[in-house]
Amino acid sequence: MNTVVAERTQRGKAQGPCSRKHPFASAWDWRIPPFRGDTDPATARRARQFRIRWRLSNPDAWQEQLKALSHFDPDYTYDEGHEYTEDWTSDPDYPFEHRLEFNKDGFLVPPHSWHATYLTTILLVLQELFRRGLNLTVSEPELHFDSETSRNLLLLTDGGNFKTQVNPDVAVLPTNADYAKHRVLRTDLGEETPVMVIEVVSPTSVERDRDEKFRLYSSLGVSEYLLVDLGDADDTPQETDLRLEMFRLQDNGTYALTGEASGGPPYRSIYSQVCGTSLRIGPPRDKVDVPLFQWYDPDQERWRDTFSDEHAEGHAEGQLDFALKMLKHWLPTDADMDLVAKQWSDAGIPENIDDMVIAVQADPEQWRAILGMPDNRAH
C-alpha cells in the first residue's frame, strides 16, 4: 500500500475513517474514500476494506460519527460496508438525496449517467398509462419490511445486522393505496405492498437487483418485477445493449421469467398483467439519443411514449406541459410551479431541459438557481 495506512494516536489506537466534502480535497489518506486520481486502484480497493474493518472493530466510535450527522436516523440500520458523510452516501437504500457509488476500481463515481434519465422516462410513461385508473406510481419510495423477512432471506449488513429497508427505482401501488403516504411504504406495519417494482440496472447495482432484491420482492408478494438493463456503458447506452426482463410471481411464491425484450431491432415486447398491456424499449425518435420506453395503446393501436405524444401534438403548450411534468417529480413541495410555467411560457423552454432535470434531482433545494428563476422570497 503506497500511503500511510493509519495514523496513530498517543494511545496507540488507529484513528477512524473521516470524510471530506465532495468534490475533491487536496490530500488523501486511507480514511478518505478516494476519487480517481487520488491513488491507484489496488490501493483504493484495499483502503476501502480497511475502512470497513475499522467500522466493524469500532462500532461505538462509528456510531458516534453517525450520530454527528445532521441527517442521522436512529431507526435506520446503517451498513458497515458503506460510507455516510454529511454531504453524500454510498448506501443506495439510505434516504438521502446525494449519492455516490464505488466502481470496480474502488473509486467514487456519480450514479450511472443514464439512470436518472431512464427513471424519469419510465415514471412518466407509467403515469400516463394509469392516468385513467387508480394505480399509483412513485419513484424511489422507502420500502420498509420486518426483520423476520430479513432473517429468512439473510439480508445482512457487513456487520451482520438485519436490513429492513430498500429504495426501489419505481413502484406501482395497488388501487387501495393511500396516496398521501406513498413515499414511505411500511409493509412491516401491514400497509400495502407494491403490485409492481421496476429497477433500472446499472453496472454497480446488477448483483443487488438480480439477487438480494429479487428474493426480497418475491417474498413480499410483489406480483411483477421488471428489470430495465442499461448494459455496461458508462456513456450513452448502445441501443442493442438495452433489454427488459419481466418476472412474475408464481403460486409457489417464487419469480419466473415470463418475458424478455431487446432494445434493438426487432424491438420485441413483453406483456405486463399489472399494466394491462405490453411494454417495450422502442427505437429512438428525432433528437432523442437513446431508445424510448413505450407502452401499447390498444385504443389508438400504436406504441406510445411521452416524447412521441408531445411531438405528435406539435404545440408549444404540449412541450411546456411535458417539461413541467418532468420537473414536478423532483421539485420540493413548496416550489412555485406557476412561476416556472410563466417564465417558460414567456421565454420558451430551455434547450438543456434534460440537464436541468438531472441537476434538480441531485440538488432540489437549489431549483431556483438551476432553472434560472428569480428568488422573491422575503429574507
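Residues numbered from 1 in each chain as written. Predicted model: local features only at pLDDT ≥ 70, side-chain atom pairs only at ≥ 80, totals over all residues. Heavy atoms only, no water.

Regarding the overall build of the chain
- The helix and strand tally for the chain stands at 10 helices and 15 strands.
- Burial status across the chain gives 48% buried among its 379 residues.
- In the chain, of all internal contacts separated by at least 6 residues, the share reaching a separation of at least 24 is 54%. (Helix = DSSP H or I, 4+ residues; strand = E, 2+ residues; numbered from the N terminus. Buried < 20%, exposed > 50% of the residue type's maximum accessible area, 1.4 Å probe, protein only. Contact = heavy atoms within 4.5 Å.)

Section: helix 5 (residues 206-220)
- Taking 1.5 Å of rise per residue, the 15 residues of helix 5 would be expected to cover 21 Å, and the 20 Å separating its terminal C-alpha atoms lies within 8% of that figure.
- The principal kink in helix 5, of about 40°, is found at lysine 213.
- Of the positions making up helix 5, those classed as buried are Asp209, Glu212, Lys213, Phe214, Leu216, Tyr217, Ser218 and Leu220.
- At the exit of helix 5 stands glycine 221, carrying a positive phi of roughly 90°. (Expected span 1.5 Å × (residues − 1). Bend = angle between axes of the 7 residues up to and from the residue.)

Here we look at the pairing of strand 9 (residues 224-229)
- Within strand 9, 6 of the 6 residues are buried, leaving the element largely enclosed by the surrounding structure.
- Bridge count between strand 8 (residues 196-201) and strand 9: 6 bridges; the pairing is parallel. Of the residues in strand 9, the one forming a bridge with isoleucine 198 is leucine 226.
- In terms of handedness, the path from strand 8 via helix 5 over to strand 9 forms a crossover that is right-handed. (Pairing = 2+ DSSP bridges. Right-handed = clockwise from strand over helix to strand, strands pointing away.)

Structural notes on the side chain of threonine 187
- If you trace the backbone, threonine 187 turns up in the loop between strand 7 (184-186) and strand 8.
- What makes threonine 187 buried here is its relative accessible area of 16%.
- Aside from chain neighbours lying at most four places away, what touches threonine 187 is Leu143, His144, Phe145, Glu192, Thr193 and Leu220.

Notes on the pairing of strand 14 (residues 292-297)
- Most of strand 14 sits out of view: 5 of its 6 residues are buried.
- Pairing geometry for strand 13 (residues 277-282) and strand 14, over 4 bridges, is antiparallel. Along strand 14, the bridge assignment pairs glycine 282 with leucine 292.

Considering the packing of aromatic side chains
- A complete count under the given rule lists 16 aromatic pairs for this structure.
- The interplanar angle of 80° and the centroid separation of 5.2 Å between the aromatic rings of tyrosine 76 and tyrosine 78 together place this pair among those described as edge-to-face.
- We classify tyrosine 78 as buried; its relative accessible area is 5%.
- Relative to tyrosine 94, the ring of tyrosine 84 has its centre 5.3 Å away and its plane inclined at 85°; by these criteria the two rings are edge-to-face. With tyrosine 84 in the loop between helix 2 (59-67) and strand 1 (101-102) and tyrosine 94 in the loop between helix 2 and strand 1, this residue pair connects regions lying 10 residues apart in the sequence.
- Aromatic ring contacts, followed pair by pair, group Trp62, Phe72, Tyr76, Tyr78, Tyr84, Tyr94 and Phe96 into a single cluster. (Phe/Tyr/Trp six-rings, centres within 6.5 Å; stacked < 30°, edge-to-face > 60°.)

So, the sheet that holds strand 15 (residues 302-304)
- Within the open sheet, the 4 strands sit side by side as 12-13-14-15. Their pairing is antiparallel. Across the chains shown, the open sheet's two edge strands, defined by having one partner strand only, are strand 12 (270-272) and strand 15. For this sheet, the mean inter-axis angle between neighbouring strands, taken without regard to orientation, is 40°.
- Two elements, strand 14 and strand 15, share 3 bridges in a ladder whose sense is antiparallel. Looking at strand 15, one finds that aspartate 297 is bridged to arginine 302.
- Helix-sheet contacts for helix 3 (residues 115-129) involve strand 13, strand 14 and strand 15, and the interaxial angle to strand 14 is about 15°. (Axes fitted to C-alpha atoms, helices over the stretch in contact; angles between N-to-C directions.)

Interpretation in functional terms is not warranted from these geometric data alone.
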